[in-house]
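Structural description and commentary
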Amino acid sequence: MKKKTTAKILSQKSLAPGIYDMWLECDIAKDASAGQFIGVYPNDKSTLLPRPISICEADASKSALRLVYRVAGKGTAEFSQYKEGDGLDVLGVLGNGYDLSLLKGKRVMLMGGGIGIPPMLELAKELFCQNEQLSINEKSEIIIVVGYRDDKTFLKEDLEKYGKVYIASEDGSVGTKGNVMNAVEAEEIEADVICACGPMPMLRAIKKFASEKNIPAYISLEEHMACGVGACLGCVVKTKEVDHHSHVNNARICTDGPVFLAEDVEI
Ligand SMILES: Cc1cc2nc3c(=O)[nH]c(=O)nc-3n(C[C@H](O)[C@H](O)[C@H](O)COP(=O)(O)OP(=O)(O)OC[C@H]3O[C@@H](n4cnc5c(N)ncnc54)[C@H](O)[C@@H]3O)c2cc1C
Ligand code: FES
């Protein structure tokens, strides 16, 4: 169920230069799960469309959602100015998210690059909670590999609560120098399945790696979006299978995704 609602900002702080951490109170929190996102509306009417931001954490008991975002342009710059108690219009919950049932009993490698790291936190948390309900041989092993630009390792401590965390940094100041794939190689990490979110070159490298290892990779495509609700075709990705509605090899990232099996999409 998606709807437009006004959320109240519970807190906002900066985690690193240009990276903000916002908790929102909104009733749609109870419907949110890992890999899904919400549309956040800027108040500035010259920037009409909602900005898609992933669920970093959802706390149904407090009707609260956590968003962690990077200031990229006008909309996100406006969000960064908001203070506790301010109202914010949001649309959600949007997108398909990760299917946790496919990850049971597997060595699951969660891979996040830059601003693709936030959705990995909710996924790690949900997998950890799922494990608590499962018998020993159904539990997933949670392996987390995250890539940063430098030593501003935002969300690292949060992720460490749920699994073993490996770090890569572009400037080599922390962890393996390079990107997440360099860390996988250096640490000789093995997995049965990958869940990933990050920039397109990282997702392409993961798709190739998964294909070589013959393991599934579920990747979240955080590409440009407009309406966010399937109406404008502003977010299509080429797919292997023909869509049975439109009869073309296309899927809409905002409604069919953002999470896809890597081998099903051309990226
Ligand atoms: C499903 C989904 C989930 C997302 N989750 C997050 C998140 O959790 N945290 C976060 O920081 N960002 C996330 N993004 C990206 C975020 O939506 C954009 O950074 C934001 O919409 C930019 O809005 P703006 O008004 O600040 O910038 P704009 O003025 O619209 O754009 C500023 C610059 O950023 C570029 N840009 C805009 N959107 C994107 C994009 N999607 N990818 C790459 N470059 C872009 C533009 O081309 C332009 O150069 C997500 C995107 C999608 C599609
Ligand atoms: S953003 Fe409009 S169809 Fe996906």
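Structure's up top.
Residues numbered from 1 in each chain as written. Chains lettered and ligands numbered in written order. Predicted model: local features only at pLDDT ≥ 70, side-chain atom pairs only at ≥ 80, totals over all residues. Heavy atoms only, no water.

**Structural notes on helix α2 (residues 118–132)**
Across its 15 residues, α2 extends 22 Å between first and last C-alpha, which sits within 8% of the 21 Å expected from 1.5 Å per residue. All buried positions along α2 are accounted for by Pro 118, Pro 119, Met 120, Leu 121, Glu 122, Leu 123, Ala 124, Lys 125, Glu 126, Leu 127, Gln 130 and Asn 131. (Helix = DSSP H or I, 4+ residues; strand = E, 2+ residues; numbered from the N terminus. Expected span 1.5 Å × (residues − 1). Buried < 20%, exposed > 50% of the residue type's maximum accessible area, 1.4 Å probe, protein only.)

**Quick look at unusual backbone geometry**
Following Gly 92, the chain continues to Val 93 via a peptide bond in cis, the omega torsion being 0°. By secondary structure assignment, the location of Val 93 is in strand β7 (residues 87–94). A cis geometry characterises the amide bond from Gly 257 onward to Pro 258, with omega recorded as 10°. Among the secondary structure elements, Pro 258 is positioned in the loop between α6 (253–256) and β16 (259–261). You will see that Ser 63, though not glycine, has its phi angle at about 50°, which is positive. With respect to the helices, strands and loops of the structure, Ser 63 is situated in the loop between β5 (57–59) and β6 (64–70). According to the relative accessible area criterion, Ser 63 is partly exposed, its value standing at 27%. The backbone of Glu 188 sits at a positive phi, close to 50°, despite the residue not being glycine. Inspection of the secondary structure assignment puts Glu 188 in the loop between α4 (180–186) and β12 (193–197).

**Describing the site of ligand 1**
Not every one of the 18 residues close to ligand 1 is listed here, only the nearest: Arg 51, Pro 52, Arg 70, Gly 75 and Thr 76. Contacts to ligand 1 include Arg 51, whose side-chain N or O atom sits 2.7 Å from an oxygen atom. When isolated, ligand 1 has an accessible area of 880 Å², and the protein chains bury 73% of it. More than half of the atoms belonging to ligand 1 lie within 2 Å of the grid points that define the largest pocket. Contributions of two or more residues to the shell around ligand 1 are made by β4 (51–54), β6 and α1 (74–79). At 4 residues, the largest contribution of residues to the shell around ligand 1 is made by β4. Counted by class, the shell around ligand 1 contains 8 nonpolar, 5 polar and 5 charged residues. (Near = heavy atom within 4 Å. Polar contact = N/O pair within 3.5 Å; in protein donor to acceptor, adjacent residues only side chain to side chain. Areas by Shrake-Rupley, 256 points an atom, 1.4 Å probe, with all protein chains shown as cover. 1 Å grid on protein atoms, 1.4 Å probe; cavity = no way out; pocket = protein on both sides within 12 Å on 5 of 7 lines; lining within 4 Å. Sits in = over half its atoms within 2 Å of the grid points. Nonpolar A, V, L, I, M, F, W, Y, C, P; charged D, E, K, R; others polar.)

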